[in-house]
Amino acid sequence: MTAAKAVRRKRARTKIRPEQRRGEKSGLNRHWRSLFLDTLAETSNVSAAARAAGIDPSRAYKVRRAEPDFRAQWGVALLEGYDHLEMETLHRLRMGTGKDDPKFDTANALRLLALHRESAVRQRALRQEEDEDAILASLDAKIAAMAAREEEAMRLLASEGACTPRGSHAPD
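Undergrad: How should the pattern of salt bridges be read in this particular structure?
TA: Two side chains of opposite charge can pair, provided their charged atoms sit close to one another. In this structure the tally under the stated criterion is two salt bridges. Residue Glu-67 pairs with Arg-33 through a salt bridge whose shortest N-O separation is 3.0 Å. With Glu-67 in the loop between α4 (57–66) and α5 (68–95) and Arg-33 in helix α2 (residues 32–43), this pair connects stretches of sequence that are 34 residues apart. Of the two residues, Glu-67 and Arg-33, both sit in the buried class. Of the charged contacts in the structure, one is a salt bridge between Glu-152 and Arg-155, with a shortest N-O distance of 2.6 Å. Linking Glu-152 with Arg-155, this pair stays in helix α6 (residues 106–159), spanning three residues, or about one helical turn. For Glu-152, a relative accessible area of 35% gives the class partly exposed.

What follows is the structure in structure tokens.
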């Protein structure tokens, strides 16, 4: 089965019920995921991201439960959003909020950042673990390929009679 067929089959299993389409734009863009994830990274707000993508938030949650790749992308977007929030809060703490933004609640922002820090640390650890696993798998594959090449070279040399076993000497 090709990768494209596997993706189509996986998406076919993700049935969206009519009540999950409430508030969606008619003629839903089938590429809503990209817009949703980009907006989620910018805002760290699922409802705002769903509105921007033209879907109901329950649809996004259902797809997240059903599709591991989307769930991983969601986690990365939230991690990026957390980084944006942290930088924005630091900027406001250093520069002040000014007259244009009297509603900014610094204490609340710091509390929310502290709450999200644990999930961000967990997400970073998962990504690092996945990266380490990929590196180890790549190294294992390279070592196996090198061993196979060495075996092939030894076989070719042995078939030509030019190879003697290690530790033994050819007769004088």
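Undergrad: Whenever I open this one, the packing of aromatic side chains confuses me. Can you help?
TA: The description of an aromatic ring pair rests on the distance of the ring centres and on the angle between the ring planes. One pass over the full model with this rule turns up six aromatic pairs. Relative to Phe-70, the ring of Trp-32 has its centre 5.7 Å away and its plane inclined at 70 degrees; by these criteria the two rings are edge-to-face. Of this pair, Trp-32 sits in helix α2 while Phe-70 sits in helix α5, placing them 38 residues apart in sequence. Of the two residues examined, Trp-32 and Phe-70, each falls in the buried class. Measuring from centroid to centroid gives 5.2 Å for Phe-36 and Trp-74, while their planes differ by 50 degrees, and the two rings are tilted. With Phe-36 in helix α2 and Trp-74 in helix α5, the pair connects residues that are 38 residues apart, well separated along the chain. Chaining the aromatic ring pairs together yields one cluster made of Trp-32, Phe-36, Tyr-61, Phe-70 and Trp-74. Between the NZ or CZ atom of Arg-64 and the centre of the ring of Trp-74, over which it lies, the distance is 4.5 Å.

Undergrad: What should I look at first to understand the layout of surface pockets in this one?
TA: Approximately 290 Å³ is the volume attributed to the second largest pocket. If you go around the second largest pocket, you meet 15 residues; those closest to its centre are Gly-75, Leu-78, Leu-79, Ser-119 and Ala-120. Going through the elements one at a time, α5 and α6 are the ones with two or more residues in the lining of the second largest pocket. Per-element tally for the lining of the second largest pocket: the top contributor is α5, with seven residues. Split into classes, the residues belonging to the lining of the second largest pocket amount to seven nonpolar, five polar and three charged.

Undergrad: What should I look at first to understand the packing of α5 against α6 in this one?
TA: The relative placement of two packed helices is expressed as an angle between their axes plus a distance between the axes. It is the contact of α5 with α6, at a shortest axis distance of 9 Å, that shows an interaxial angle of 145 degrees. At the point where α5 passes α6, the crossing takes the left-handed sense. On α6, the residues that touch Ala-72, Gly-75, Val-76, Leu-79, Tyr-82, Asp-83, Leu-85, Glu-86, Thr-89 and Leu-93 of α5 are Thr-106, Ala-109, Leu-110, Leu-113, His-116, Arg-117, Ala-120, Gln-123, Arg-124 and Arg-127. The class makeup of the residues in the contact of α5 with α6 is 10 nonpolar, five polar and five charged.

Parameters at a glance
- One numbering rule holds for all chains: residues counted from 1, following each sequence as written.
- It should be noted that, the model being predicted, local features are given only for residues of pLDDT at least 70 and side-chain atom pairs only at 80 or more, the latter also being counted only at that level, while totals for whole chains, interfaces and linings use all residues.
- Where side-chain values are given, they derive from all heavy atoms of the structure, hydrogens and water being excluded.
- For this analysis, a salt bridge means a side-chain nitrogen from Lys or Arg found within 4 Å of a carboxyl oxygen belonging to Asp or Glu.
- Numbering of helices and strands starts at the N terminus; helices are DSSP runs of H or I of at least 4 residues and strands are runs of E of at least 2.
- Only protein chains enter the accessibility calculation, which uses a 1.4 Å probe; a residue whose area is less than 20% of its type maximum is buried, one above 50% is exposed, and one in between is partly exposed.
- Paired rings are identified among Phe, Tyr and Trp, the last through its six-membered ring, by centres lying within 6.5 Å, and are further divided according to the angle between planes into stacked (under 30 degrees), edge-to-face (over 60) and tilted (the rest).
- Note on criteria: charge over ring means Lys NZ or Arg CZ within 6 Å of the ring centre, with the direction from the centre no more than 35 degrees off the ring normal.
- Here a cavity denotes grid points, spaced 1 Å and computed from the protein atoms alone, that fit a 1.4 Å probe unable to get out, and a pocket denotes an open set having protein on both sides within 12 Å along at least 5 of 7 lines; residues with an atom within 4 Å of a point are the lining.
- Grid points are joined across faces, edges and corners, and a volume is the space filled by probe spheres set on the points.
- Any residue outside Ala, Val, Leu, Ile, Met, Phe, Trp, Tyr, Cys, Pro, Asp, Glu, Lys and Arg is labelled polar, Gly included; the first ten of those are nonpolar and the last four are charged.
- Think of each axis as a best-fit line through the C-alpha atoms, taken over the contacting stretch in the case of a helix, with angles from 0 to 180 degrees between the N-to-C directions.
- By convention the crossing between two helices is left-handed if the near helix lies anticlockwise of the far one by an angle smaller than a right angle, and right-handed if it lies clockwise.
- Contacts were defined at the residue level, with two residues in contact if any of their heavy atoms lie within 4.5 Å.

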